[in-house]
Amino acid sequence: VTTERTHAGTGYRSAVTEALADGWRFAGLHASTVGDRRLVRALLSDASGAMRLESAEVEDGTVPTIVDRTPAAGWDEREAHDLYGVVFDGHEPLRPLVNHDVPLDHFTTPVRGADPYQVAVGPIHAGVIESGHFRFHVVGDRILHVDARLFHKHRGIERACEGLPLEYGVSTVARSCAACWVTNAVAYAHACEELLGQKPTPEVARARTILLELERVWNTLNDIGAICAGVGLAAGNNRFLALTDLARGLNARLTGHRFLFGSVAVGGSDLGLDTHATADARKTLTRIRRDSSRAWREILFNGSFMDRMPDIGVVDAKAALSLGVVGPAARAAGVPEDVRAVSPRLAYEGFEAAALRRQAGDVQARLEQRALELLPCLDILDRLLTGPVRPAATEAAGPESPIGVGLVESPRGATTCVVERDGDRIGRLRLRTGSYANWPAVAHAAATNLLPDFPLINKSFELCYACVDR
Amino acid sequence: MLTLLRDLRKLRRTIGLPAPERSGSLAVRHVDCGSCNGCEHELILVSGPTVDLARYGLGIVASPRHADVLLVTGPVTTRMQTALLTAYEAMPEPRRVAALGDCALGRGLLGSSTEVVGRVEDVLPVDLRIPGCPPTPEEIAAALIGLIDRADRGRLS
């Protein structure tokens, strides 16, 4: 159960500082309104998966910043300023993030020196890629700094959720992103079930875990293919595209949708798989395991491909911890955190995060980490698909609460969803996905590298824009 | 690498994609105006080995200046409207617009009214509608091949 404390004045800043010193990690921050009080809430998590909220009263439109204590809060504070008008005292300069109605020089970082110039890319890119603008500050081919200006796809999904009945919110929230649909839906369902004093039964947990891992399978295959595409290795890209198609085809046969849309609900699970369906799933997954291992071996021993990988786009463990990097990108840097190991509401008994021998935090490590994580993911599905899956409901677990939090490991890392209720409806909702947590690290990784290597660095994170922009 | 290429050749034989019976080509520029990334993920597979639309002369081109068709996804957000119009302005005539996916067609729009302009049709004249949430690679392929056929019969000139 999530604990929540509200502070006035500088109490919030010292509470967060103390929590961070005790080993708690920043997991999100959002602005909220309760009655006529305006609040800023910082979400923190610890290594056991426990969550707590430290809230600050907004006084004269201002709260103290925590970005100097945890740089991971940078984007969250900028977003709360742009969308809710909160000023973070001490966050200097508080540059716009979501707000595009400002001159470019308010947004970009000033870069001075001998012969730096800017390369503007996007929002429309040359391939089939989501929209976003990158401004590279370069000298020759060398990147000094990147300003990523995202939120071109901002659809106001969180605002659109406000006032929706809790059980209807799932289709809107989850559709922030097709690649993370199940993760977003389960994070939202967990948050709502905490509000309603419910918890998943083992059968509900099993169904949701199957869906989460099916999502991870196609995403992982897609992401390995994307790195091949980033280098221009068409054979590798095509092989993994075919496997991605195979995995999505399985999703459609099991749930009626290639991206598993509509397969998660608040208060239970409608997923029904008979023995024919589970046998089909196991057969297809065995084929994916065999064919992907074979293709991976080929890639691994392709010298001209692998030579492009090492020491490019490095995010080391120190930077990963400071920037709040999550998921495969963090584990590739030697931060062994995986929410699946601390998810009692899901069926991950005995799960341990996969660790590479070479945790260099570069493109090679992020590629190898994904290939490594595909196997336990297939193992989990193998274990969970041994018998039929039946629809089931959640069970009562305790008192209702005004605020609920969901924490789920997406294919890109820890995703949190905070839901504040207004009766039986959504009062305020915040979805912070693994992609949101990792975007600042892409800019960090790109600095000092060559401009032509940026597509590769970007693909090695393979972050969504859709669930960041919302 | 030879194994990988052999596997791909075998895969192609297994899928058994027919040789195209039609001529012509279509250069497509994709613009994401606020989709959930589902349409993009399926569109990528359209050029993958299981559909391989290049057989029909269809290619994704890097610039709207080289494009016959602007393929637009998503409910058009306020922040993408200008970029979409700029891309359309850059296209040579004859130019066509295809709206890809339910959001682009205004079926079940996501988001709040202050951030979303609306359907693609509210911003640009639309010639081809591809429904689905998201449409499958095969559905996207069939719709685009239909557009090549229409161009062949001179209805697009």
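Residues numbered from 1 in each chain as written. Chains lettered and ligands numbered in written order. Predicted model: local features only at pLDDT ≥ 70, side-chain atom pairs only at ≥ 80, totals over all residues. Heavy atoms only, no water.

Glancing now at the side chain of Arg 366 of chain A. Residue and element names in this part refer to chain A. Assignment of secondary structure puts Arg 366 in helix α13 (residues 363-384). No salt bridge is formed by the buried Arg 366. Its closest oppositely charged neighbour is Asp 362, at 6.4 Å. Here the side chain of Arg 366 touches Ser 460 through a polar contact of 2.9 Å, side chain to side chain. Once you skip the residues sitting within four places of it in the chain, Arg 366 turns out to touch Ile 312, Gly 313, Val 315, Ala 329, Ala 332, Gly 361, Ile 457, Ser 460 and Phe 461. (Helix = DSSP H or I, 4+ residues; strand = E, 2+ residues; numbered from the N terminus. Buried < 20%, exposed > 50% of the residue type's maximum accessible area, 1.4 Å probe, protein only. Lys, Arg positive; Asp, Glu negative; His and termini not counted. Salt bridge = Lys/Arg side-chain N within 4 Å of Asp/Glu carboxyl O. Polar contact = N/O pair within 3.5 Å; in protein donor to acceptor, adjacent residues only side chain to side chain. Contact = heavy atoms within 4.5 Å.)

The end-to-end C-alpha distance of helix α1 (residues 2-15) of chain B, which contains 14 residues, comes to 20 Å, matching closely the 20 Å that a straight helix rising 1.5 Å per residue would cover. One or two positions beyond α1 of chain B, positive phi appears at Gly 16 of chain B, with a value near 65 degrees. (Expected span 1.5 Å × (residues − 1).)

Residues and elements named next belong to chain A. Inspection of the entire model under this criterion finds 52 salt bridges over all chains. The residue Glu 420 makes a salt bridge to Arg 41 at a minimum N-O spacing of 2.8 Å. Here Glu 420, found in strand β15 (residues 413-422), pairs with Arg 41, found in strand β3 (residues 37-45); they are 379 residues apart in sequence, far enough to count as distant. Exposure class is identical for Glu 420 and Arg 41. Each is buried. Arg 52 is the partner of Glu 54 in a salt bridge, and the nearest nitrogen-oxygen pair spans 2.7 Å. The class for Glu 54 is buried, based on a relative accessible area of 1%. Taken together, the shared-partner salt bridges connect Asp 76, Glu 79, Glu 158, Arg 428, Arg 430, Arg 432 and Arg 470 into one network.

You can see Asp 7 of chain B is positioned in helix α1. With relative accessibility at 14%, the residue Asp 7 of chain B sits in the buried group. Spatially, the C-alpha atom of Asp 7 of chain B lies 24 Å from that of Ala 141 of chain B, the residues being 134 residues apart in sequence. Apart from residues no more than four positions distant in its own chain, Asp 7 of chain B is found in contact with Arg 239 and Arg 294 of chain A. A polar atom in the side chain of Asp 7 of chain B sits 2.7 Å from the side chain of Arg 294 of chain A.

A cluster of basic residues, Arg 6, Arg 9, Lys 10 and Arg 13 of chain B, forms a positive patch at the surface. Summarising the element assignment, Arg 6 of chain B is placed in helix α1. (Patch = residues over 30% accessible without salt bridge, like charges linked within 9 Å, V, L, I, M, F, W, Y side chains within 5 Å. Areas by Shrake-Rupley, 256 points an atom, 1.4 Å probe, with all protein chains shown as cover. Charge placed at Lys NZ, Arg CZ, Asp CG, Glu CD.)

All names here are of chain A. Here we have 3 strands laid out as an open sheet, ordered β14-β15-β16, and antiparallel in their pairing. What marks the edges here is a single partner per strand, and that holds for β14 (403-410) and β16 (425-432). When strand polarity is set aside, the average angle formed by the axes of neighbouring strands in this sheet is 15 degrees. As paired elements, β15 and β16 share 7 bridges and run antiparallel to each other. Pairing of Val 418 across the sheet is with Arg 430, part of β16. Relative to the sheet, helix α14 (residues 434-446) contacts β14, β15 and β16, its axis offset from that of β16 by approximately 35 degrees. (Pairing = 2+ DSSP bridges. Axes fitted to C-alpha atoms, helices over the stretch in contact; angles between N-to-C directions.)

This paragraph deals with the packing of helix α8 (residues 234-255) of chain A against helix α9 (residues 275-300) of chain A. All names here are of chain A. For the pair α8 and α9, interaxial distance at closest approach is 10 Å and the crossing angle is 170 degrees. Classed by the angle they form, the pair α8 and α9 counts as roughly antiparallel. In contact with Gly 236, Arg 239, Phe 240, Leu 243, Leu 246, Ala 247, Leu 250, Arg 253 and Leu 254 of α8, α9 contributes Ala 277, Asp 280, Ala 281, Thr 284, Leu 285, Arg 287, Ile 288, Asp 291, Ser 292, Ala 295, Trp 296 and Ile 299. Taken together, the residues of the contact of α8 with α9 sort by class into 13 nonpolar, 3 polar and 5 charged. (Parallel < 35°, antiparallel > 145°, perpendicular 65-115°, else oblique. Nonpolar A, V, L, I, M, F, W, Y, C, P; charged D, E, K, R; others polar.)

Before going further, it helps to examine the environment of Ala 83 of chain B. Position of Ala 83 of chain B relative to the elements: it lies in helix α3 (residues 78-90). Note on Ala 83 of chain B: relative accessible area 15%, which makes it buried. In this structure, the C-alpha to C-alpha distance between Ala 83 of chain B and Cys 33 of chain B, residues 50 residues apart in sequence, is 8.7 Å. In this view, Ala 83 of chain B contacts Pro 123 and Ile 124 of chain A; residues no more than four positions away in its chain are not counted.

Attention shifts here to the interface of chain B and chain A. Every contact between the two is made by 45 residues of chain B and, on the other side, 47 residues of chain A. Summing the contributions of chain B and of chain A, the shared interface buries around 3,800 Å²; its carbon and sulfur component is 64%. Considering only the surface of chain B that becomes buried against chain A, Leu 4, His 41 and Arg 79 of chain B emerge as the three largest contributors, covering 17% of it. Applying the counting rule to chain B against chain A returns 4 salt bridges. Close ionic contact of Arg 258 of chain A with Glu 42 of chain B constitutes a salt bridge, the shortest N to O distance being 2.4 Å. Along the contact surface separating chain B from chain A lie 20 residue pairs in polar contact (both at pLDDT 80 or more). Those elements that place two or more of their residues in the side of chain B that touches chain A are α1, β1 (26-32), α2 (38-46) and α3 of chain B. (Buried area = accessible area lost by both parts, 1.4 Å probe.)

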